[in-house]
Structures are given as structure tokens and as C-alpha cells.
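Each chain is listed here by its residues.
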Amino acid sequence: MILYGPHGKTFAQRKFLPTPQGQVGFLERPLTDDDSEVPNTHSNGAEEPLFEAPDPPLPPTTPHRDKRIRQAQNWENVALPRLLAPYLKYLRESVSLAHEPPVPPVACVCMGSGARTLEICVLYFNKVQKINLQICECRPCAVQLIEQGLFGCAPFLPTLAVDLRVLDFVTQLFVRIAPNVTAFCHAIEDFLKSQGYHMNGKDPLRRRFSNCLRWYNVLQHRANSQICSVLTSTRTTVQAELLAQPPSTLAGSEFSLDDLFDSSDDQSPGDKDLPRIHAEFDDNEDSESGAIAKRQRTVAPDPPPLTRPSEYLRERCPVCFRGKSRFKDGFSVLVCLDACFTQKHNHQTRDPFYEHPHTSFIPTDQVEVWKNRADFDDTVEDGLKVPASVLNACHDSFTAADGDRQKASTRFFDSTALMALMCCHDRVLWLVDMNTPGERQYFALVLIDTLFKHLPPDWTVGLLYDIACQLERSCVKWQFLPEYFPRLGFAISVFHAFGHGWACQCVYHPRKRLGFGLADGEGCERFWHLLSGLIAFLRVCGYYTPLHTLDSQIQYIHSASLRDIFLFLVRKWKQASTRWEEGDKDVRYSMRSPEFLCQQWHAQVEASTKPLPRQSPTAGKKAIQAAIQTRKARDIVAESIKRLEEITANPSAQPYDIANAELELPSALLKLRKIGEDLRAKETKLGVDGMREYRHLASSPFVRDRMNARALKTRICQRLRARKFERDRLECSFRRQINTSEWKLHNHTESTVKRRDPGIESLVKKYNKLCKSMSERVTSGRAPPNAKVPKEIEMKELFTLDVDDSIWDDNGLDDNDDVVNPPLWLADEQVRTGIRGILLRDRADESLSRLRYEIHQLAEWYAEEWVVVSRAISEIKAENLAEPDLLYQMHLKQQELGQLLVGWRESFTQLPREIVPCFMGPSEQELEAWNAEGDLNIGGTEDDNDYQEITDVGLDVALVEHIDTLDITDSYHVYVQE
């Protein structure tokens with residue numbers, strides 16, 4: 001028996017139920033002689049519960065669901081294995097569905113066993129017709145349909161068959177738009193109805209066409225898997241031969257980050273050859289984590305170490321993982337990590353298991369392992385009286401953005417978000433299907449752990465993440481990933497750096513961090529935008545269908561990006577060259593050596609990241625400032641009282657003004673009396689020396705202006721951060737396509753943000769006015785000795801919040817800045833400009849070095865793939881395997897590689913000749929032939945008269961935003977028009 005509770009919960013009845021005292025009739029079945037006694041208790045004597053939650057929960061069974069499960073088993077186990085060989089044969093005879101070959105006659109060999117005539121409705125592009133098939137045991141219906149270029153909706157007795165060309169077209173269409181089978185079928189029905197074809201029944205096409213499309217895609221996957229298995233066996237031999245050759249010299253020298261991180265001497269012998277990215281963390285030196293009881297975790301035995309990245313990674317990105325050697329002038333590979341809470345899935349009954357053969361999703365059991373590792377038992381820490389959970393709840397209650405903030409409700413969604421791990425070329429490595437309301441750290445940890453398991457032990461990883469500082473802190477505090485932590489570097493993504501403090505940006509910003517080059521870490525954001533059109537579809541379809549759809553989209557995105565990968569590298573090269581020139585210009589402007597500028601930068605980082613003292617030596621100055629602020633408040637209230645008294649004494653004032661003044665005057669007098677008492681109390685605590693300095697500063701307009709400027713600067717930063725977070729909703733403009741409420745919320749947010757912009761600009765103008773006033777006082781000698789004037793905020797860079805903008809510059813706003821000899825990185829503008837320039841130039845140098853390596857890696861990958869395909873063709877011909885179908889597919893692979901090189905060669909001229917390698921592969925004659933095939937025009941050439949001017953009226957906004965997103969630069973989401 002199964003009980004269904006609220007929110008999708010189910011309860012299963014135990015086999016033996018306990019008999020309540022004084023009750024009968026609760027047994028599942030009558031007792032027999034073989035039954036000794038109904039067990040009412042556990043072996044330890046504890047009472048057994050009446051109900052227990054089954055694991056996994058049993059879905060409700062319906063006739064339709066049972067039919068789908070049986071049909072899926074018949075497709076997987078019986079029909080598809082028979083269709084693989086006829087399908088490959090038909091592809092060869094039809095030249096990849098370009099022609100319609102004649103159907104070969106085949107005699108029956110089973111003596112008509114199980115023979116019957118089956119009438120099937122066939123759907124073509126432009127017509128519908130009925131055919132009769134004579135089927136038997138040796139001539140099943142599915143095989144006969146494939147031989148005619150058709151695919152049935154059922155494995156044995158279909159009533160509908162669809163032309164393979166239609167299915168192939170829909171497959172290509174549904175990786176470019178949201179896969180909406182319902183809309184497509186309705187359009188087909190209306191189109192055929194206009195041609196005079198009528199299909200009986202209500203919704204006669206959708207379900208059957210959906211079955212045809214689904215299992216035809218599975219057949220395509222199986223055919224591709226068979227081809228890949230042949231190439232894999234050949235690649236194993238070729239790779240062994242290639243590994244025997246000397247590796248490329250472009251890997252560079254060994255990379256070290258000792259300039260930024262201290263390395264300890266207790267490095268293990270196995271790690272001596274590895275770059276020290278982090279200092280080894282010691283529990284005895286970590287006072288915060290030393291008092292916390294850590295859970296004892298059992299670590300599974302590691303697999304044998306790899307000598308090169310796994311085949312999975314090598315297939316994912318040929319530029320990052322396909323070379324003979326790793327990159328040594330920086331991190332071996334750069335990856336980014338991010339989550340998207342718009343990709344949700346509603347709670348519903350799960351459909352039959354349906355997985356892509358090249359899935360990117362990490363299995364749920366691996367995620368659960370890390371969930372158990374990351375969840376700690378609630379304990380009372382040493383010296384405390386309150387459990388850790390209570391203290392954490394108090395901390396979280398004052399935190400606006402944390403992992404427990406519900407971005408998606410688990411009450412309505414069984415899948416609340418996706419988290420992706422991508423390489424620096426915007427290619428997906430792994431995905432995790434999240435099922436928690438917020439963004440938990442164990443999802444990121446399982447992705448990182450999976451990546452390192454697929455890498456050799458000498459590879460290093462640079463990770464860009466929105467909250468990388470918090471993730472590194474957790475790894476140090478709780479000893480997560482201890483075996484990989486020395487090879488892992490953290491940085492925050494560029495677009496989300498505004499949410500971190502200046503000290504955090506000095507350490508974690510990729511433009512300030514050694515080894516990250518000009519990487520921005522926003523590849524995931526671009527990937528989420530490409531998937532924005534699938535939000536509505538993935539939310540309502542079955543459980544496994546979204547996973548398969550996302551995997552199909554990823555495969556298509558990877559194939560498309562491979563065609564444009566060389567153009568991608570060219571664009572990165574031009575950008576890095578431009579940034580290098582900008583940085584070098586700033587370095588020459590500073591008139592200082594690069595070594596001196598680097599020393600000044602390290603001194604700035606050291607000063608910015610210095611821990612706060614436990615007892616502030618400036619407590620006296622703070623008390624003086626508090627007294628000055630109280631005095632200013634008293635003067636403001638006194639002026640208000642004076643104004644009210646003038647109104648009451650003015651005989652020409654309006655009666656209602658006099659009445660309001662008389663009502664406000666008593667409360668203002670009371671407020672003045674309280675502020676006066678507070679001021680006298682603060683002045684009494686200052687002492688003799690404090691009173692002397694207080695009287696001097698209270699009469700200094702410069703000090704008052706500086707205090708006001710500091711308060712304004714703090715308020716401006718807070719409002720700018722809040723505005724930037726609100727802009728996140730506007731950046732994800734695809735949410736407007738979900739429903740009316742989201743559209744209204746988008747418009748409301750946009751109007752609210754625009755209304756707040758004038759207020760922020762007004763604060764900046766007041767701040768700049770105070771800066772000018774302080775500058776005039778310094779020039780006229782009416783300021784304290786050695787006083788510094790803060791820098792004005794540039795209005796043109798107000799809303800960007802770049803790491804080098806003037807909004808982060810607090811020089812001149814602190815009392816400690818009034819020193820005789822301030823450091824050059826703080827006081828000398830030329831040195832400050834030179835520091836920004838040397839950092840930008842160094843990051844550009846790192847990117848240029850990595851791009852040289854990647855271009856040669858791409859050439860090595862192409863040469864290896866060409867050798868593998870050519871060797872496979874030779875082996876098939878030499879062994880006389882009589883497999884013309886497989887040989888045809890290998891020739892298609894070879895042609896695909898040739899057309900790939902033809903597209904890349906157009907970008908060779910945009911790079912310096914010395915860095916363009918020689919691509920080993922097809923001959924010039926073959927390339928010219930493939931180039932001629934690619935230039936084939938159908939229906940004449942293009943003419944300017946074929947186009948008409950298109951205005952902005954009526955354009956699809958989402959489409960325009962999608963096109964603009966393809967040209968996003970590395971700094972921020974700045975659109976570049978071609």
C-alpha cells in the first residue's frame with residue numbers, strides 16, 4: 001500500500017505491521033503455520049515505525065506510463081539494434097539523404113511466419129500518403145521502413161511513419177530554437193490541410209511524431225557511437241606513436257606564484273615539481289578553524305595517475321586538453337564556474353529514463369557524496385554555550401546574499417538551477433543539476449573534484465568564480481580538496497568583482513592576479529544566454545527530456561564553436577595586443593622601471609590587505625570626530641529653531657505657517673536640549689589634550705569637508721553596488737519571455753533603476769564639490785599640514801565599477817593620509833598610473849603567451865585527427881572488411897575536417913606569420929575541391945536588389961540581444977557592432 005502526501009511525498013507500508021494492543025485485523029495476510037510471530041520490534045528492542053519513506057519514491061503507475069515503459073524497452077533492446085546497419089546503408093546509398101535510392105527486393109526466408117499486412121500513414125515534406133507493408137518475422141516493419149527512408153512511431157506495429165529528411169530537418173531546427181513539437185505538428189497539419197490532406201482525430205500527429213523524432217535521435221546517437229568506437233580504437237595506436245615524439249617547446253618554463261604567495265618547506269616529495277600556488281594551510285595557525293571539530297572523512301582510493309587529460313576532456317576542448325604537453329607559463333588550464341537559477345523544472349512524474357550518450361551531467365550519486373562531506377554535524381564549539389547552527393543563523397540573518405537565500409522554491413521545482421564548469425573557450429566541461437533553494441558550495445566542489453580526477457597530477461587549474469574568495473576560505477577552513485588545493489588558484493569573475501571590497505579585488509581580481517591573463521570568467525553567462533530560449537520548454541517537459549535537450553544543445557554549440565575557434569583565437573590575439581599597447585603606454589608615462597612598479601604594487605597589496613588591529617590607536621581621533629559631528633548636528637537644529645521663531649514672530653506670515661511652526665518648535669527645542677547634553681558628555685570624555693585638538697579641528701572647515709566627503713563616498717559606493725545588483729535582472733532580459741508577471745517585474749525594475757540614477761549623480765556632484773572646496777583650502781593654506789585632497793569621481797565611469805575606477809580611490813579621505821612622507825603608490829599619480837599599466841601589460845603578455853600555445857595545440861589536434869581518420873580508412877580498405885557503409889562515414893569525417901581547415905584559413909592572414917603553424921593534413925587540391933563545394937550557390941548569386949531596408953520597428957528584441965551577445969568583449973558586457 002502506498003500513501004500519497006502533500007508536496008509529492010509518498011509512504012510505503014511495511015510487510016509486517018505491528019498489532020496495536022487490543023486491536024485486530026491489522027495483519028497484511030492471515031498467519032500460517034510457517035509464520036512464527038509478526039515482528040513488532042527491531043532486533044535492539046525498539047519499536048518499529050508503522051510507515052517508512054521508500055527510497056527511491058515509487059511513481060504512480062498509469063496505463064499510459066506503463067505503455068511508454070514497455071515501448072522504450074522494445075526500442076532499446078529489439079528494434080534499434082536491428083535498424084543500425086540498414087540506417088548506415090541507407091545513408092550511404094542516399095548520399096546523406098540527398099537522393100532517394102530504389103528499394104531492393106528481399107525474399108522472405110521464414111516461410112511467412114507471422115505474416116500480416118500493415119497499413120501505415122507516411123508523412124513527407126509536401127504530402128501524406130498511405131502504404132501497405134507485408135511484414136513477417138524475417139522482414140520486420142521497422143527495417144522495411146528504414147530501407148524506404150522512413151521511420152515509424154512504434155517499434156513493431158506503427159500507424160505513422162515519417163520521412164527521414166523531415167526528421168533530420170526537425171532535429172537540426174530544434175537545436176537552434178526551443179524544441180516545440182506541438183507547434184510544429186499543428187503547423188504541419190494546417191499546411192497539409194491547405195493542400196487537401198486531412199488527418200482524422202483530435203491532435204492526430206503530435207504524440208506519434210514526437211515518438212518518431214525521439215527514437216530517430218537515439219538511432220543517430222547509436223550510429224555516431226559506432227563510428228566513434230572505430231576512431232577511438234585507431235586513435236589509441238596513433239596517440240602512442242605521437243607521444244613517442246618530442247613535445248612542443250611552446251609549453252614554456254615552469255610557472256610559479258611565489259611572488260604573491262608564501263610557500264612552505266613541508267612540501268611533499270611528490271609535489272616538488274608542481275607550481276606552488278598556495279601556501280600549505282596549518283590548522284594550528286588557523287585560530288578560527290582550529291577550535292572547530294572537523295568530521296573524519298573516508299577518502300576513496302585514487303585511480304592510477306594520468307599522463308595526459310582523459311579522453312572525455314580531450315573531446316570537450318581540443319585547444320585546452322589535446323596537446324602533447326601542458327602550458328607552463330601560467331595555469332595549465334583556466335576554467336570558470338557559475339550557476340543559473342532560471343533553468344528550473346516543475347515537480348511532476350518522471351518519464352522513462354532517457355540519457356544522451358555524451359552527457360555533460362555529473363551523476364547524482366557523486367553529488368550526494370560531496371553533499372555528505374560538506375554537511376557538518378551541529379556541535380557546540382569550545383568555549384561557547386550556543387550551538388554552531390544558532391550562531392550561523394544569527395550571522396545569516398544579517399547577510400543579504402548567501403547560499404541559503406531562496407532563489408527557487410523546492411516546493412514547486414524538483415530542479416531549481418544548473419551549475420556549469422566551462423573552459424576559457426566557452427566550452428562546457430560538466431554540468432550539475434541543482435535541487436536546493438540556494439547556491440550550495442558542494443555543487444562547486446564536486447565539479448572541481450571531477451575536473452582534477454580527469455587531469456594528470458602535474459596540471460594546475462585557475463578557477464574564476466563569483467565568490468571565489470569564499471570558496472577558497474572554505475577549502476582552507478574545512479580542508480576541502482586537500483590533495484588538489486596546492487594546484488588550484490582562485491579569482492573572481494570580472495563582471496561580479498564590483499560586489500567585493502577593494503582589498504579582496506587586489507588579491508582575487510583576474511587583472512591583478514598572476515597567471516589569469518585577460519580571462520574574464522564570464523563564459524558561463526554567455527552560455528546561459530544561449531540557453532535562454534529553452535527556459536519555458538524545459539520547465540514543463542519530463543524529467544529526463546530537459547537533460548537530453550541540454551546535452552543536445554551543448555553538442556551543437558561545441559560543433560559551432562569548433563568551426564569558429566580560430567576566429568575566436570584571432571579576436572583574443574587582437575584584444576591582447578591592444579591591451580598590451582595601452583599598458584605599455586601607461587608604464588612609459590610613469591617614467592619608472594617595471595621592477596620598481598611591481599615593488600610598489602606589492603607594497604600596496606600588503607597595505608590594503610593588512611588585518612584590522614584589535615584595539616584601534618585612533619580611538620581618540622574617532623571620539624573627536626564624533627564630537628564634531630554632534631556639534632554640527634546641534635548647529636543644524638539651532639538654525640532650524642531660529643527659522644521657526646522668525647516665522648512665529650513675523651506678522652505677515654501665513655496663518656498655517658505660523659501654526660506649523662508653533663507645533664514644531666517644542667519638539668525642536670527638546671531635540672536641541674538632548675543633543676546639547678550628548679555633546680557635553682562627549683566633550684567631557686576628551687580630556688585636556690583632546691579638547692585642545694577638538695577646538696582646533698572644530699574650527700577647521702577642511703576637516704568638516706573631509707568628514708562629509710567620507711560619508712558621501714560611503715553612501716555612493718553602497719548605492720552603486722545596489723544598482724549593479726539590480727541591473728543583473730535587466731542584463732538577463734530573456735526572463736521577459738516567460739510570463740506577464742516577469743515582464744511587469746522587468747519593467748518595474750528598469751524604471752526604478754532609472755529613477756535612482758539622478759539621485760546617485762546628485763550625490764557625486766556634491767562629493768566633487770566638496771573635493772574642489774578642499775583643494776581650494778589647501779591652495780590658500782587654510783588646511784592642516786600635509787593634508788591630501790581626495791580625487792574627484794569621473795561621471796563617465798560612474799556606473800561601470802571597474803577595478804581601476806576612481807570610485808575605489810579613498811586617498812585623502814582618512815586622517816592617516818596626513819603624513820609627511822606618504823608612499824608613492826598612494827601619493828604619486830604617475831606611479832599609480834604605472835602600476836595599472838604594468839599589471840595590464842603583464843596580463844596581456846600572459847594572454848599572448850597562452851594564445852601562441854593554444855594555436856599550436858590546435859594545429860597538433862588537427863594533425864592527429866587527420867592521421868586518425870586517414871589511418872581508419874586505410875585499415876578498413878586493407879583488411880577487406882566489406883564495410884562500405886562504415887567507409888563512407890569515414891570519408892564524411894575526412895571531408896568535415898577538410899572543410900574545417902578551409903574555414904580556418906580565412907583567419908590566418910589576421911595573425912603574425914611567425915605564430916601561424918603549419919596545419920598537417922589535406923593537400924591543396926583537396927582543400928580547393930572542398931572550398932568549391934562550400935562556395936556552391938543555389939539559384940544564382942546574391943544581389944543588392946534581393947534585400948530591402950529593415951527598420952527597427954517590429955524587430956525581435958530577444959533575437960537582437962542574442963546577436964549582440966555573440967560580440968561581448970572580455971572586460972564587461974560591451975556590445976561591439978560589426
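Residues numbered from 1 in each chain as written. Predicted model: local features only at pLDDT ≥ 70, side-chain atom pairs only at ≥ 80, totals over all residues. Heavy atoms only, no water.

Peer 1: Kindly report on the environment of Ser552, identifying the contributing residues and their values.
Peer 2: As for its position among the elements, Ser552 is in helix 16 (residues 544–563). Each C-alpha atom, one on Ser552 and one on Val175, is 7.0 Å from the other, the two residues being 377 residues apart in sequence. Beyond its immediate stretch of four places on either side in the chain, Ser552 contacts Val175 and His356. (Helix = DSSP H or I, 4+ residues; strand = E, 2+ residues; numbered from the N terminus. Contact = heavy atoms within 4.5 Å.)

Peer 1: Can you tell me about the pattern of salt bridges, naming the residues and giving the values?
Peer 2: The full count for this structure, using the stated rule, is 23 salt bridges. In this structure, Arg165 engages Asp163 in a salt bridge whose closest nitrogen and oxygen atoms are separated by 3.1 Å. Residue classification places Arg165 among the buried residues on the basis of a relative accessible area of 15%. Among the ionic pairs, Arg235 bridges to Glu315, the shortest N-O distance being 3.9 Å. Residue Arg235 is located in helix 5 (residues 206–243), and its partner Glu315 is located in helix 7 (residues 311–316); the two are separated by 80 residues in the primary sequence. (Salt bridge = Lys/Arg side-chain N within 4 Å of Asp/Glu carboxyl O. Buried < 20%, exposed > 50% of the residue type's maximum accessible area, 1.4 Å probe, protein only.)

Peer 1: Summarise empty space enclosed by the protein; cite the residues concerned and give the values.
Peer 2: A full pass over the atoms with the stated rule returns six cavities of 30 Å³ or more. By volume, the largest cavity is sized at about 110 Å³. Around the largest cavity, the lining residues are Gln343, Lys344, His345, Ser415, Leu418, Asp433, Leu538, Tyr543, Pro546, Leu547 and Leu550. In terms of residues, the lining of the largest cavity owes the most to one element, helix 16, which gives three residues. In terms of residue class, the lining of the largest cavity is made up of six nonpolar, three polar and two charged. (1 Å grid on protein atoms, 1.4 Å probe; cavity = no way out; pocket = protein on both sides within 12 Å on 5 of 7 lines; lining within 4 Å. Points joined across faces, edges and corners; volume = space filled by probe spheres on them. Nonpolar A, V, L, I, M, F, W, Y, C, P; charged D, E, K, R; others polar.)

Peer 1: Provide a residue-level description of unusual backbone geometry, including the pertinent values.
Peer 2: In this structure, Leu481 is a non-glycine residue whose phi angle is positive, near 50°. Since its relative accessible area comes to 2%, Leu481 is described here as buried.

Peer 1: Which residues make up the sheet that holds strand 12 (residues 428–434), and what values do they have?
Peer 2: Spatially, the five strands line up as an open sheet ordered 12-11-8-13-14, and their pairing is mixed. Only two strands of the sheet have a single partner each, and these edge strands are strand 12 and strand 14 (488–492). Across the sheet, the axes of successive neighbouring strands diverge by a mean angle of 20°, strand direction being ignored. Relative to strand 11 (residues 417–423), strand 8 (residues 333–340) runs antiparallel, the two being bridged by six bridges. By the bridge assignment for strand 11, Asp338 is matched with Ala420. (Pairing = 2+ DSSP bridges. Axes fitted to C-alpha atoms, helices over the stretch in contact; angles between N-to-C directions.)

Peer 1: I'd love a proper account of the packing of aromatic side chains, names of residues and values included.
Peer 2: Scanning all chains against the criterion turns up 27 aromatic pairs. Between the aromatic rings of Trp75 and Phe151, the centroid separation amounts to 5.3 Å while the plane-to-plane angle is 10°, which identifies the pairing as stacked. Taken together, the residues Trp75 in helix 1 (residues 63–93) and Phe151 in strand 6 (residues 150–152) connect sequence positions 76 residues apart. For Phe151, a relative accessible area of 1% corresponds to the buried category. On the basis of an interplanar angle of 35° and a centroid distance of 5.5 Å, the ring pair of Phe184 and Phe209 is categorised as tilted. (Phe/Tyr/Trp six-rings, centres within 6.5 Å; stacked < 30°, edge-to-face > 60°.)

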